[in-house]
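# Analysis of the macromolecular model
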Amino acid sequence: MTTLKGQIKKDLTGMRFGRLTVLPIHITEKRSTKWLCRCDCGNEKYIYRGTLLAGKVNSCGCLRKEKSKQTLEGNKLSVTHGKSYSRTYRIWMGMKQRCFNPKRHEYPRYGGRGITVCERWLSFDNFLADMGEAPGSLTIDRIDNDGNYEPNNCRWVTRTEQFASRTHTSTEKHKQACRENQKKATEARRKKN
Ligand SMILES: [Zn+2]
C-alpha cells in the first residue's frame, strides 16, 4: 500500500473494528492515513489508521451514544432498585477513607491509631462477597474496636447498636482506668504510711 518514510502501510480494507468495516477508500495525510469506514448503523466516517489499530474506536459514535443512554437508564435503575448497592459502596469507600486518608476528620480514631482495612477488602468485590450488601439502614461495625476492618471482625449493626457498643467499650475502659487510678492512689497512700 502507501509507502511513507519507508514504512509499509497495511491495507485495512475489509477489516472489522467493532461495528466498523473498513472500505477500500483512504486518504493519506502527512503523518497518517484515514480510512473510510462503514458502521453497522449505516454511517460512514473517515478514521485514522492508528486509532483503528489501537482499538480506540468501535463505531461511528453510535455505540458511545447508546452506552451513555444505557448508563443514564442504569443510573435511574439503581436509584429505584440498586440503592443498597450504592450505599454498600459508599460504606466501603468511607471505611477506606477513615483508615487511609489523613485529611479525614475521623482519621485519628482509625488510620491514625493503626486501624486498617485488610488487603482482601481493598477490592470492593471481595468486600461485597464477604459482607453482602448493607441490609436496610445498617452500618458496618468492628466487633473489636481496636481490631481492623476484616471479615471476622465486622458485622452490620444499627447505628444505635453501634453507638451502644462504643459507649459500652468506653465505659468499660473508663471503669478500668478508674480502678487502676484507685489502685495507684491506694498504693501511694500505703507507701506514705
Ligand atoms: Zn454507527
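Residues numbered from 1 in each chain as written. Predicted model: local features only at pLDDT ≥ 70, side-chain atom pairs only at ≥ 80, totals over all residues.

### Regarding the overall build of the protein chain
Definition in use: Note on conventions: DSSP H or I runs of at least 4 residues are helices, E runs of at least 2 residues are strands, and numbering of each starts at the N terminus. Neighbour counting defines burial: a residue surrounded by 20 or more other C-beta atoms within 10 Å of its own C-beta is buried, one with 12 or fewer is exposed, and intermediate counts give partly exposed, using backbone-placed C-beta atoms. A residue pair is marked as a contact if its C-beta atoms, positioned from the backbone, fall within 7 Å.
Within the protein chain one finds five helices and eight strands. Helices and strands in the protein chain line up, N terminus first, as β-β-β-β-β-β-α-α-α-α-β-β-α. The buried share of the protein chain, taken over its 193 residues, is 12%. When contacts within the protein chain are restricted to residue pairs at least 6 apart in sequence, those whose partners lie at least 24 apart make up 30%.

### Observations concerning the sheet that holds strand β4 (residues 20-28)
We count it as follows: For two strands to be treated as a pair, DSSP must find no fewer than two bridges joining them.
Taking strand neighbours across the sheet as the criterion, the four strands line up as β3-β4-β5-β6 in an open arrangement whose pairing is antiparallel. Looking at the sheet topology across the chains shown, the edges are occupied by β3 (16-17) and β6 (44-48). In this sheet, strand β5 (residues 33-39) lies alongside β4 in antiparallel orientation, the contact comprising six bridges. Paired with Leu20 across the two strands is Cys39, which belongs to β5.

### Considering the environment of Arg49
With respect to the element layout, Arg49 can be found in helix α1 (residues 49-53). Considered as a pair, Arg49 and Val22 are 27 residues apart in the sequence and their alpha carbons are 9.9 Å apart.

### Here we look at the nonpolar core
A general tendency of soluble globular proteins is for nonpolar side chains to be buried together. Spelled out, the test is: For this entry, the nonpolar core is defined as buried Ala, Val, Leu, Ile, Met, Phe, Trp, Tyr and Cys residues connected by C-beta atoms within 7 Å.
Leu12, Phe17, Leu20, Val22, Trp35, Cys37, Cys39, Ile47, Leu52, Val57 and Cys60 form the largest nonpolar core, which has eleven residues in total. Secondary-structure elements contributing two or more residues to this core are β4 and β5. Ranked by residues supplied to this core, first place goes to β5 with three residues. In contact with Val57, other than residues within four places in its own chain, are Phe17, Leu20, Ile47, Thr51 and Leu52. By size, the runner-up hydrophobic cluster in this structure holds five residues, among which are Trp92, Trp121, Tyr149 and Cys154.

### Some details on the confidence of the model for the protein chain
This is how the line gets drawn: Confidence of the predictor in every single residue is expressed as pLDDT, which spans 0 to 100.
In this model, the protein chain carries a mean pLDDT of 82, and residues with pLDDT of at least 70 account for 80%. Confidence drops under pLDDT 50 across residues 1-8; counting only partners more than four residues distant or on other chains, this segment forms nine contacts. Scored below 50 in pLDDT, residues 80-84 makes three contacts in the model with residues more than four places away or belonging to other chains.

### Quick look at the environment of Cys118
Along the chain, the position of Cys118 falls in the loop between α3 (83-100) and α4 (124-131). Separated by 32 residues in the primary sequence, Cys118 and Glu150 place their C-alpha atoms 5.4 Å from one another. Beyond its immediate chain neighbours, meaning those up to four positions away, Cys118 contacts Asn148, Tyr149 and Glu150.

### Here's the deal with the pairing of β5
In β5, alternate side chains face the same way, and those of Thr33, Trp35, Cys37 and Cys39 are buried while those of Lys34, Leu36 and Arg38 on the opposite face are not. Pairing geometry for β5 and β6, over five bridges, is antiparallel. The residue of β6 that forms the bridge with Trp35 is Ile47. In sequence, β5 turns back onto β6 through a hairpin of four residues, with Gly42 there showing a positive phi of about 110°.

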